[in-house]
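# Reading the structure
Okay, here's what each chain looks like letter by letter:
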Amino acid sequence: MPIYKAPLRDMRFVLYELHGGEAMTELPGFEDFGRDLVEPVLDEAAKLCEQVLFPLNRSGDEEGCTLANGVVSTPKGFKEAYDRFRDGGWTSISCDPAWGGQGFPNVVSTLVEEMICSANLSFGMYPGLSHGAYNALARHGTEALKEKWLPKLVAGEWAGTMCLTEPHCGTDLGLIRTRAEPKDDGSWAVTGTKIFISAGDHDLTDNILHLVLARTPGAPKGIKGISLFLVPKYAVGDDGAVGGPNGVTCGSIEHKMGIKASSTCVMNFDGATGWLIGERHKGMRAMFTMMNTARLGVAIQGLGIAEVSYQNAVAYARDRIQGRSLSGTKAPDKAADPILVHPDVRRMLLTQRAYTEGCRALAAGIARELDVSQRHPDPKVRQAAEDYVALMTPIAKAMMTDLGSEVANLGVQVYGGHGFIREWGQEQYVRDARITQIYEGTNGVQALDLVGRKMPADAGRALRRFFHPVQAFIEAKVEDERLGVFVQPLAKAFVRLQQATAQVARAGLARPDEAGAAATDYLKLFGLTALAHQWARMAEVAYARLDADGPDTFYEAKIATARFFMDRLLPESSARFSAVMAGGRSIMEFPDDAF
Amino acid sequence: MKILVPVKRVVDYNVKIRVKPDGSGVDLANVKMSMNPFDEIAVEEAIRLKEKGVATEIVVVSIGPAQAAETLRTALAMGADRGLLVKVEGAVEPLAVAKILKGVVEAEKPGLVILGKQAIDDDCAQTGQMLAALTGYAQGTFASKIAVEGETLAVTREVDGGLQSVVLTLPAIVTTDLRLNEPRYASLPNIMKAKKKPIAESVAADWGVDPAPRLEVLTTREPPVRKAGVKVASVADLVSKLKNEAGVI
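Residues numbered from 1 in each chain as written. Chains lettered and ligands numbered in written order. Predicted model: local features only at pLDDT ≥ 70, side-chain atom pairs only at ≥ 80, totals over all residues. Heavy atoms only, no water.

Cut-off, in case you're wondering: UniProt positions are given in the numbering used here, feature names are shortened, and annotations may be inferred rather than shown by experiment.
The name given to chain B in an unreviewed UniProt entry is Electron transfer flavoprotein subunit beta, with the source organism recorded as Siculibacillus lacustris. Looking at chain B in UniProt, the text filed under Function (unreviewed entry) is "The electron transfer flavoprotein serves as a specific electron acceptor for other dehydrogenases. It transfers the electrons to the main respiratory chain via ETF-ubiquinone oxidoreductase (ETF dehydrogenase)." For the record of chain B, the UniProt heading Subunit (unreviewed entry) holds the text "Heterodimer of an alpha and a beta subunit."

Labelled according to an unreviewed UniProt entry, chain A appears under the name 3-methylmercaptopropionyl-CoA dehydrogenase, originating from Siculibacillus lacustris. According to its UniProt record, chain A has this under Function (unreviewed entry): "Involved in the assimilation of dimethylsulphoniopropionate (DMSP), an important compound in the fixation of carbon in marine phytoplankton, by mediating the conversion of 3-(methylthio)propanoyl-CoA (MMPA-CoA) to 3-(methylthio)acryloyl-CoA (MTA-CoA)." Its UniProt record, at the heading Cofactor (unreviewed entry), says of chain A: "FAD".

### Here's the deal with the UniProt feature "domain: Acetyl-CoA dehydrogenase-like C-terminal" (unreviewed entry) in chain A
Convention followed: Put simply, DSSP H or I for four residues or longer makes a helix, DSSP E for two residues or longer makes a strand, and each gets a number counted from the N terminus.
Mapped onto this numbering, the UniProt entry gives "domain: Acetyl-CoA dehydrogenase-like C-terminal" (unreviewed entry) at residues 466–591 of chain A. Note that residues 466–591 of chain A is 86% helix and 0% strand, and that its end C-alpha atoms are spaced 38 Å apart.

### Brief notes about the packing of aromatic side chains
Residues and elements named next belong to chain A. Quick reminder of the rule: In summary, the pairing rule links any two rings of Phe, Tyr or Trp, Trp by its six-membered ring, whose centres are within 6.5 Å, and it sorts them by plane angle into stacked for under 30 degrees, edge-to-face for over 60 and tilted for everything else. Classification of residues uses two cut-offs on accessible area relative to the type maximum, computed with a 1.4 Å probe and protein chains only: under 20% is buried, over 50% is exposed, and between them is partly exposed. In this scheme, the term charge over a ring applies when either NZ of a lysine or CZ of an arginine sits within 6 Å of the ring centre and within 35 degrees of the ring normal.
For the structure on display, the rule yields 21 aromatic pairs over all chains. Arranged with centres 5.8 Å apart and planes meeting at 75 degrees, the rings of Tyr415 and Trp424 form a pair that is edge-to-face. By relative accessible area, Tyr415 is classed as buried at 5%. With a centroid separation of 6.1 Å and an interplanar angle of 20 degrees, the aromatic rings of Phe467 and Phe526 are classed as stacked. Taken together, the residues span a long stretch of sequence, with Phe467 in helix α13 (residues 461–477) and Phe526 in helix α15 (residues 512–549) at a distance of 59 residues. Here Phe467 and Phe526 have matching classes, each one buried. The rings of Phe466, Phe467, Phe494, Tyr522 and Phe526 are connected pair by pair, giving a single aromatic cluster. Looking at Arg9, its charged tip hangs above the ring of Phe554, at a distance of 4.1 Å from the centre. Here the guanidinium or amino end of Arg35 rests over the ring plane of Tyr16, the centre of that ring lying 4.2 Å away.

### Quick word on the interface of chain B and chain A
Put simply, the rule reads: The contact criterion used is simple: two residues touch if any of their non-hydrogen atoms lie within 4.5 Å. Buried area: the accessible surface (1.4 Å probe) lost by two parts on joining, summed over both. We count a salt bridge whenever a side-chain nitrogen from Lys or Arg sits within 4 Å of a carboxyl oxygen from Asp or Glu. By the criterion applied in these results, polar contacts are pairs of N or O atoms within 3.5 Å in which, for protein atoms, one can donate a hydrogen and the other can accept it, and in which residues neighboring in sequence qualify only through two side-chain atoms.
Facing 15 residues of chain B, the contacting portion of chain A comprises 23 residues. Together, the buried faces of chain B and chain A total about 1,600 Å²; carbon and sulfur atoms form 57% of this surface. Contact with chain A buries surface across chain B, with Tyr185, Leu188 and Lys195 of chain B losing the most and accounting together for 43% of the total. Joining chain B to chain A, the criterion identifies two salt bridges. Here Asp32 of chain A makes a salt bridge to Lys196 of chain B, at a shortest N to O gap of 3.9 Å. In this assembly, chain B and chain A are joined by six residue pairs in polar contact (both at pLDDT 80 or more). Tallying contributions element by element places helix α5 (residues 188–194) of chain B first for the side of chain B that touches chain A, with four residues.

Structure representation (structure tokens):
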């Protein structure tokens, strides 16, 4: 039986000891969110995730969603779990109180999201997609639209989706064919087919609000002619009562490798009534509002999977006895030693741990800056935080989902043959993690976003939001007796990142293919450097705590994990650096016909 | 009717308990603490009575360190109305708790006191009974079902032989068993509201009680590690081992 316990101790460490979460209450609107409120909320979220969502993870995977007579059913227990989730107010945790939300800081809801993703990634898709729809509607919708649709969306009584992909276009949305024709009353008739629509149809809520990208008559070609529409599954009267069907049907559901309890639908819109969100032809801009936060959300999915896989791998490695330790018997009372004693098993567990805790620290830091970017009274500070979030979003999405997959695979490896057997639960994490590297913009697209958009924007202004603080940290700590062993490897990676940045910028200006060919390795180098920075900082905090309060295994383990990261994982940055510096010739000069 | 629910802050039921190396007690440093699960059931039952319109106010009281305020907040987030924190440092024995509660009962005059049948840390299972003796109220312990009927309370008790039904005259004292209910999860809005609900603080001396322990703990030890079993070849072999080695038959 798989296990999951929310890592509350580490979450408190990241939030309050590493990222100064107590100062959160200084941001306007966050006055109430002191530790005395946030900690009970994390405790309660942990309970709900461990006791309600987690027990449905394996059964949901086995059963999957079903489509019968045009109606999609979620696996057994999902509806009841969703009711408890909604009644608990969790759908609205970070939504605006003006629409019935709880107004919690992003950094808190990010930690809660991690728990949901660890406990049951498929379940998390339903409220996750609703939240994406909320973001776009709250930011770009008219007051009338917001008043009509937002309160029930926030309350979780209705759900939401994002309908972008069509059979012939995924990454390149300029090719969209779904069309919207104006009607006399100001609404639009939307017609077309969308595929891969997560949570497109299900039995959890009374209504579903689809946010649909479509083309209006005479719109310019390409993505500059795309508009965004709100199209409900059922019509809703002015009194808020849910009425009859609105020409939106689920044509089929996909049979997938993972997240099987999340319904992935083909959605047919047949003259469905919709309303314009934002301006005509500015649909992509509105969509990007929800895509950026959704990308951070997907990064958290990678983290959540990594955490739960690690917990199970550790439990198994303690329990499973096999072979004797190379340095002599460790468990003489047993027929063999627990596999935890074997160096290669330890290497795998520590790799899982170092990546998971490092990603948690990085993710919480980004979420913290997201809060600053939305709330700080000083526009300059807001802009700086926004630049940092924009820069780190593709890095977090790609790196944290790649690592989520890698960690889940290691989890299977620790189990040996039993990892491959379904009833142990480890292989599900590999299958569930796989999609996170693909959807919400493939990781290759994230790398292009980094080198093509975020890096050159405003003459590299966003880059400085990462480079300057890291530079300052290195200069301040490199001579430190204890921290030197962490800061020196960080400094080495950092110098390489700077060189690689210059190389990519230079080469990319001359030949865009050069930047494209370097993008993935460059992103990984960037991500590893960012993790090294977090690990050096975590070691610093841990030492300070040990000095102040005496021995504590938690902080001792932090320092030991930081050392492992620097010794055994950060060296990958050298390989990535070499790959970037080698240039794109070997990729681009290979003859197409020879593939 | 007002309901009083005493709640205790204990080591979380998920935590694997470790004895301090010097045998002076259980190691509580950096250990997750939460509300005694039986007390959660008591709070839940009180809230259900309030939702049925039987109770009008739920007062929760905790006797313990300053951090017991967090336990009170948990109860307030579930739906209790206000809290009383009686600060006491160190171990508190059931009799001291019962004496303080007697004072609280006299001040608050609840129609019903619902307690957990025992706390999962010391497993004493005494406080409810002692409080009944001190106050002279009727008691219905190990309750798996309760129903208020006018001026009386019908209690179904879990006893060794099965279920026993008793009828108590109110005001009364009930201690909860596991099957009484399944406690709810606190909702996010209620956790936020709980922050604004009042908690009145006092110390044991305010209730005229000296909480100093009357018992002396000599040492605390881990239970002996279970030894590996052996497979017996036959029934005769088993009987022989039970007779000669284990000495149980």
